[in-house]
Amino acid sequence: MNKILAAIEHIGYSKPENVALKTTDSELGYAQLNTYINQLSEWLLDQQIVRLGLWGENSIEWIIADLAAWKAGVTLVPLPRFFSATQLQHLLREAQVSQVLTCGDVGPVADVMSRINSPLRDIYLDNLSHPAKQSGMEDVAKITFTSGTTGAPKGVCLSTSAIESVTLALAERIYAAPDAALTIQQHLTLLPLSTLLENIAGVYLPLYLGKTIVVLPGAQLGLSGSSQLSLPQLLQTLHQYQPNSMILLPQILQGLVAAAQRGFALPESLKFIAVGGAKTPASLIAQARSFGIPVYEGYGLSECASVVSLNAPSGDKLGSVGKPLGHVQVRIQNGIIFTRGNSFN
C-alpha cells in the first residue's frame, strides 16, 4: 500500500471521526472514507479492470473513486470536463480507455454500451461502445493529460513513487513553519480535480496529513468551463466555508485582487494560497499581499508529477517561483530549466 493510502487508513483507525471530506450537505470521516475506498477497490479487482477513465464534477465520489482505483492497482486516467468533445475523444483513444468510472449526475463522456452500478451510490462503471485495445502499463498509477498550447492533449504516465515523492515534499515545504500545521486544517478544492496540481496538492497532500477537504461543484464556486468566473459566488462560498488554503490560477488571483480593490474582503481564515499554472507577475502577488491575501507562487510540470518548486512562509522570494522541493534537482543552463529526480515514464 502506498504512503497516502496508508496514512488514510491509519487516521481512520486512530481518529475515525475526524472529517476527511466535506461538501454542501454531508461530511465523511476518515474511517468511513477508508471503508468506501476498500469496498470500491475490492469491487474493481473483481471486475479485473486494468485501466479506467474517471469522469465527473468535483465531488466526494470523485475522490473515493480516484483513491480506490489507486488501491486496486488500476491505471487511472482523469478526464477533464473542460476539454472539448474532440479533445476527450483523442484522450480516450490515446490512453486506450474502454471503461470509465462516472461519478454523480453527469452524462457519459462517450457512447456507452452498458452501465453497471458500483457498490457505492453515484459511482457507475460505463463500458464504452468502441472499446480500445489495451497494452500493458506496469507501474503506471495515473495518466494525466494536458492540452498545452496546441490544443491536442498530451498524456504523461506517472508512477506511484513519483506521486508519493511530490506529496511528501510538499508536506515538508508547506508545513515547515512552526505554526503551519496548526493553522492549515481545511483546504478548498477550487481547481478541477482532474487537474494534476489540485489532485496531488489539494487531495493527496491534505489527506496524507489528516486535514479536511471541502469539495464543491464548479457552479457553487462560481466557476464554469475553463475560464468563466463569478466573483460574487466565489467570495460567498469562501466566507461560508472559511478554508485555510486553496490553489489558484493567476487569472483567479487577478479577480480576487480586483474584488479587494472594490472593498470586498476575503475571509481571515485563509493562511496559504498557492498560485501556479502560468507565470504570475510579481506586481500582482505584491498587490495581493497588500490586501492581506497570503499568496505564494510555485512552478511545476506534469512530467515531474506537478510541483517542482514553491515559495512558502518558511522560504519566500517575491519574483521567483521558490526553491526546488527536496525530491528534485534543478539547474538552469542557457535559459533552459533542467529537472532531475521525479520524471515521468
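Residues numbered from 1 in each chain as written. Predicted model: local features only at pLDDT ≥ 70, side-chain atom pairs only at ≥ 80, totals over all residues. Heavy atoms only, no water.

Draft legend 1. The arrangement of the state of the cysteines in detail. Taken as a whole and assessed by the stated rule, the structure comprises zero disulfides. Counting only cysteine sulfurs, Cys 304 is the nearest neighbor of Cys 157, a cysteine outside any disulfide, at a range of 14 Å. Its relative accessible area of 18% is what places Cys 157 among the buried residues. (Disulfide = S-S within 2.5 Å. Buried < 20%, exposed > 50% of the residue type's maximum accessible area, 1.4 Å probe, protein only.)

Draft legend 2. Main features of helix α2 (residues 30-47). Here α2 contains 18 residues, and its C-alpha end-to-end distance of 26 Å stays within 8% of the 26 Å for a straight helix at 1.5 Å per residue. What α2 keeps buried is the set Tyr 30, Leu 33, Asn 34, Ile 37, Asn 38, Leu 40, Ser 41, Trp 43 and Leu 44. In the stretch just after α2, Gln 48 is the one whose phi turns positive, near 55 degrees. (Helix = DSSP H or I, 4+ residues; strand = E, 2+ residues; numbered from the N terminus. Expected span 1.5 Å × (residues − 1).)

Draft legend 3. Here's a closer look at unusual backbone geometry. Positioned with a positive phi, Gln 96 is a non-glycine residue whose angle comes to about 55 degrees. Along the chain, Gln 96 falls in the loop between α4 (85-94) and β5 (99-103). Not every positive phi belongs to a glycine, and Ala 305 is a case in point at roughly 60 degrees. With respect to the helices, strands and loops of the structure, Ala 305 is situated in the loop between β16 (295-301) and β17 (306-310).

Draft legend 4. Region of the structure containing the nonpolar core. With 92 residues, the main nonpolar core has Leu 44, Leu 170 and Leu 207 as its most contacted residues. No other element matches the ten residues that helix α3 (residues 60-72) contributes to this core. Residues within four places of Leu 44 in sequence aside, it is in contact with Ile 49, Leu 52, Ala 68, Ala 69, Ala 72 and Leu 101. Among the nonpolar cores identified, the runner-up in size contains 18 residues, and Leu 79, Leu 91, Val 97 and Ala 110 belong to it. (Core = buried A, V, L, I, M, F, W, Y, C linked by side-chain atoms within 4.5 Å. Contact = heavy atoms within 4.5 Å.)

Draft legend 5. Quick look at the pairing of strand β19 (residues 329-333). For β19 and strand β20 (residues 336-340), the ladder comprises five bridges, and the chain directions are antiparallel. Within the sheet, the bridge partner assigned to Ile 332 lies in β20 and is Ile 337. Hairpin connection, β19 to β20: the antiparallel pair is bridged by two residues, and Asn 334 has positive phi, about 55 degrees. (Pairing = 2+ DSSP bridges.)

Draft legend 6. Here's a closer look at the packing of helix α9 (residues 231-241) against helix α10 (residues 250-261). Put simply, α9 and α10 touch, their axes get as near as 11 Å, and they point 85 degrees apart. If you check the angle between α9 and α10, you find them roughly perpendicular. Contact residues: α9 offers Leu 231, Leu 234 and Leu 235, while α10 offers Ile 252, Gly 255, Leu 256 and Ala 259. Its residues placed into classes, the contact of α9 with α10 shows six nonpolar, one polar and no charged. (Axes fitted to C-alpha atoms, helices over the stretch in contact; angles between N-to-C directions. Parallel < 35°, antiparallel > 145°, perpendicular 65-115°, else oblique. Nonpolar A, V, L, I, M, F, W, Y, C, P; charged D, E, K, R; others polar.)

These results come straight from atomic positions and should not be treated as a statement about function.
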